[in-house]
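Listed below, chain by chain, are the residues.
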Amino acid sequence: AQRVTQPEKLLSVFKGAPVELKCNYSYSGSPELFWYVQYSRQRLQLLLRHISRESIKGFTADLNKGETSFHLKKPFAQEEDSAMYYCALMIDNYGQNFVFGPGTRLSVLP
Amino acid sequence: GAGVSQTPSNKVTEKGKYVELRCDPISGHTALYWYRQSLGQGPEFLIYFQGTGAADDSGLPNDRFFAVRPEGSVSTLKIQRTERGDSAVYLCASSLGQGSNEQFFGPGTRLTVL
C-alpha cells in the first residue's frame, strides 16, 4: 500500500541553524512528490515539487529513489519558517490520488 | 481573483443528522479534491473530480459519504447519518488539471458531531 511517513512530529531548531525535515514513502510506481506548508492561521499551500527541482524560500528537496526519501532541507533556518510541513505523494491510478504524511511542526527559535 | 472558498467554516451537528459541505473552487480549475483532516494527522484523500465526474472516489470511507459537482464548478460533500468519528476538518482543493498538479486549498470546514 502507498504510504508517506514523517518520523518527527515536532522539530525545533535555532535561527540560522540547518534544518532537515524527513519524508519517506512507499510506492511501487513512479513517484511524484511534493512538500506542502501551512503557516499559522493560513491555508495549506504548495512549497515545492520534486519534478521542478526548484529552491523555494531557500528550501530544497531531492528525491532519492534508492532510499525512497524526499527530505526537505534548508541551510539556515529563519523564524518565519516556523510552520507545519506535509510531504505528499501523488498516485496516478485512473485519477490523481494524493497521500499526505502526518506532518512535522517546525519551530525556529530566536 | 478569489481563492478556493468553503462554507460553512464551522458546522456543529448531532449524531445521526445529515450535513452538506460546500466548496467553490478557483474559476477555471477543472480538478477538485476533497480531503478529511483529523487532529494531528495529514489530509486524507476522499475524492477527486475532473470536470463533473468523480475520477477517483476510492478515499470515501463508506456509503454515508457522497460528493457531487453537477456543473463542473461548485462541489458539495454530503454526509448522511453522521457519527462522532466524522468530526474533522474537511478540506477542498482545486487545480488547473491537464498536467498541472499544484493544488490550491480552501480554509476548510470544521465539522463537529456531538
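This section reports on the structure supplied with the text. (Residues numbered from 1 in each chain as written. Chains lettered and ligands numbered in written order. Predicted model: local features only at pLDDT ≥ 70, side-chain atom pairs only at ≥ 80, totals over all residues. Heavy atoms only, no water.)

### Comments concerning the interface of chain B and chain A
- Counting from both sides, the interface comprises 20 residues of chain B and, opposite them, 17 residues of chain A.
- Of the roughly 1,700 Å² buried at the junction of chain B and chain A (both faces included), carbon and sulfur atoms supply 47%.
- Area buried by chain B at its contact with chain A is led by P43, N101 and F105 of chain B, which between them contribute 32% of it.
- There are 1 salt bridge connecting chain B and chain A.
- Across the pair E102 of chain B and R49 of chain A runs a salt bridge whose closest N-O atoms are separated by 3.5 Å. (Contact = heavy atoms within 4.5 Å. Buried area = accessible area lost by both parts, 1.4 Å probe. Salt bridge = Lys/Arg side-chain N within 4 Å of Asp/Glu carboxyl O.)

### A short note on the pattern of salt bridges
Residues and elements named next belong to chain B.
- A full pass over the atoms with the stated rule returns 8 salt bridges over all chains.
- Put simply, D24 and R22 hold a salt bridge, and the shortest N to O gap is 2.8 Å.
- Judged by relative accessible area, R22 falls into the partly exposed class, the value being 37%.
- The closest approach of N and O atoms between D86 and R64, which form a salt bridge, is 2.8 Å. Here the residue D86 occupies a position in the loop between strand 8 (75–79) and strand 9 (88–95), and R64 occupies one in the loop between strand 6 (53–56) and strand 7 (65–68), the gap between them amounting to 22 residues. (Buried < 20%, exposed > 50% of the residue type's maximum accessible area, 1.4 Å probe, protein only. Helix = DSSP H or I, 4+ residues; strand = E, 2+ residues; numbered from the N terminus.)

### Some thoughts on the environment of R53 of chain A
- Tracing the backbone shows R53 of chain A in the loop between strand 6 (45–49) and strand 7 (60–61).
- Put simply, R53 of chain A and L63 of chain A are 10 residues apart on the chain and 9.4 Å apart in space, counted from C-alpha to C-alpha.

### Brief notes about the environment of C92 of chain B
All names here are of chain B.
- Take C92: it is sitting in strand 9.
- Sequence-wise, C92 and Y33 are 59 residues apart; in three dimensions their C-alpha atoms are separated by 5.6 Å.
- The contacts of C92, once residues within four sequence positions are left out, are V4, Q6, C23, L32, Y33, W34, F104, F105 and G106.

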